[in-house]
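# A closer look at the structure
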Amino acid sequence: MGALPFIGNMAGDRPTNLGVKEGKLTPCPDSPNCVISQGNTDAEHAIAPLAFSGDPAEAMAKLATVVKAMPRTTVIESTDNYLYAEFASKLMGFVDDVEFYLDPAESAIQVRSASRMGKSDLGVNRQRVEAIRQEFQPL
């Protein structure tokens, strides 16, 4: 069996518009390959934040442990109230950017998960957030 032809960089470029600005994560684009727990989002993009009780620092530490344990994950930034990780797909190496923001106003961890490339993600971003939620709870 011959080698697969090189089709280019499937990781794409790291977005420059990520992070928390005025207590909010960057809104999702119109494409269906993104979910977010903040803002006026439609059903296609809306997802619940991660709930926690107790010490916020412990919640963020547990979240970091859960995220780091997932396959093909690279943590890019981790602070006391923000976690940004890249998740690469197994076969083609497509990269999704996943952010978590400890929102003191809501006593929750807000989340945004978006594919860098393409239009549809076949529900992968939503499934990933729900898998993280399962591992994260109960705290």
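A quick note: this is a predicted structure, and the numbers were derived from the prediction, not measured.

### So, the overall build of the chain
Counting secondary structure elements, the chain contains two helices and eight strands. Helices (α) and strands (β) of the chain occur, in sequence order from the N terminus, as β-β-β-β-α-β-β-β-β-α. In terms of overall dimensions, the chain has C-alpha extents of about 55 × 30 × 25 Å along its principal axes. When burial is assessed residue by residue, the chain has 40% of its 139 residues classed as buried.

### Observations concerning the nonpolar core
Grouped together as the largest cluster of nonpolar side chains are 20 residues, with contacts concentrated most on L50, L63, V67, F100, I109, I132 and F136. With five residues, helix α1 (residues 56-68) is the largest single contributor of residues to this core. Once residues lying within four places of it in the same chain are set aside, the contact partners of L63 are L50, L83, F100, I109, I132 and F136. One finds C34, I36, Y82 and A114 within the second-largest nonpolar core, a separate group that totals nine residues.

### Considering the state of the cysteines
Applying the stated criterion across every chain, the model contains one disulfide. Two residues, C28 and C34, share a disulfide whose sulfurs are 2.1 Å apart. Here C28 and C34 share a disulfide; its torsion about the S-S bond, -70°, makes the bridge left-handed. You can call C28 buried: its relative accessible area is 18%.

### Comments concerning the side chain of E99
Its location among the elements puts E99 in strand β7 (residues 95-103). For E99, which is buried and forms no salt bridge, the nearest opposite charge comes from R112, at a distance of 4.0 Å. One polar contact links the side chain of E99 to the main-chain amide nitrogen of G19, over a distance of 2.7 Å. Among all residues touching E99, those that are not within four sequence positions of it are L18, G19, L25, Y82, L83, Y84, Q110, V111 and R112.

### Let's talk about the confidence of the model for the chain
The pLDDT averaged across the chain works out to 88; a share of 91% of its residues lies at or above 70. Within the chain, the element-level pLDDT minimum falls on helix α2 (residues 124-136), averaging 95, and the maximum on strand β6 (residues 82-88), averaging 97. Low confidence marks residues 1-8, where pLDDT is under 50. Its contacts with residues over four positions away, or in another chain, come to one contact.

### Structural notes on the side chain of N33
Looking at the element boundaries, N33 is found in the loop between β2 (24-25) and β3 (34-36). In this view, N33 contacts S113, A114, S115, M117, G118, K119, S120, D121 and N125; residues no more than four positions away in its chain are not counted.

### Describing the pattern of salt bridges
This model, assessed by the stated rule, comprises five salt bridges. Of the charged contacts in the structure, one is a salt bridge between R128 and D96, with a shortest N-O distance of 2.8 Å. One end of the pair, R128, is in helix α2; the other, D96, is in strand β7, and 32 residues separate them in sequence. Judged on exposure class, the residue R128 and its partner D96 are both buried. Ionic pairing is found between E130 and R133, a salt bridge with its closest N-O pair at 2.7 Å. With E130 and R133 both in helix α2, this residue pair falls three residues apart, about one helical turn. Within the structure, one salt-bridge network assembled from shared partners comprises R14, E86, D97 and R116.

Scoring rules and cut-offs
Residue positions within a chain follow its written sequence, with the count starting from 1. Thresholds applied to this predicted model are a pLDDT of at least 70 for local features of residues and 80 or more for the giving and counting of side-chain atom pairs; totals over whole chains, interfaces and linings are not thresholded and use all residues. Each side-chain value is worked out from all heavy atoms of the structure, with water and hydrogens disregarded. Numbering of helices and strands runs from the N terminus, with a helix taken as a DSSP run of H or I at least four residues long and a strand as a DSSP run of E at least two residues long. Here the term buried applies to any residue with accessible area under 20% of the maximum for its type, exposed to any over 50%, and partly exposed to those in between, with areas from a 1.4 Å probe on protein chains only. In this description, a nonpolar core means a group of buried Ala, Val, Leu, Ile, Met, Phe, Trp, Tyr and Cys residues linked to one another through side-chain atoms lying within 4.5 Å. Only heavy atoms matter for contacts: two residues are in contact if any of them lie within 4.5 Å across the pair. Disulfide assignment relies on a single distance test, namely cysteine sulfur atoms paired within 2.5 Å. Working convention for charge: Lys and Arg count positive, Asp and Glu count negative, and His plus the chain ends are omitted. By salt bridge we mean one thing: a side-chain nitrogen of Lys or Arg within 4 Å of a carboxyl oxygen of Asp or Glu. Pairs of N or O atoms within 3.5 Å make up the polar contacts considered here, provided that, within protein, one atom can donate a hydrogen while the other can accept it, and that residues adjacent in sequence are counted only when both atoms are side-chain atoms. Scored from 0 to 100, pLDDT reflects the predictor's confidence in each residue.

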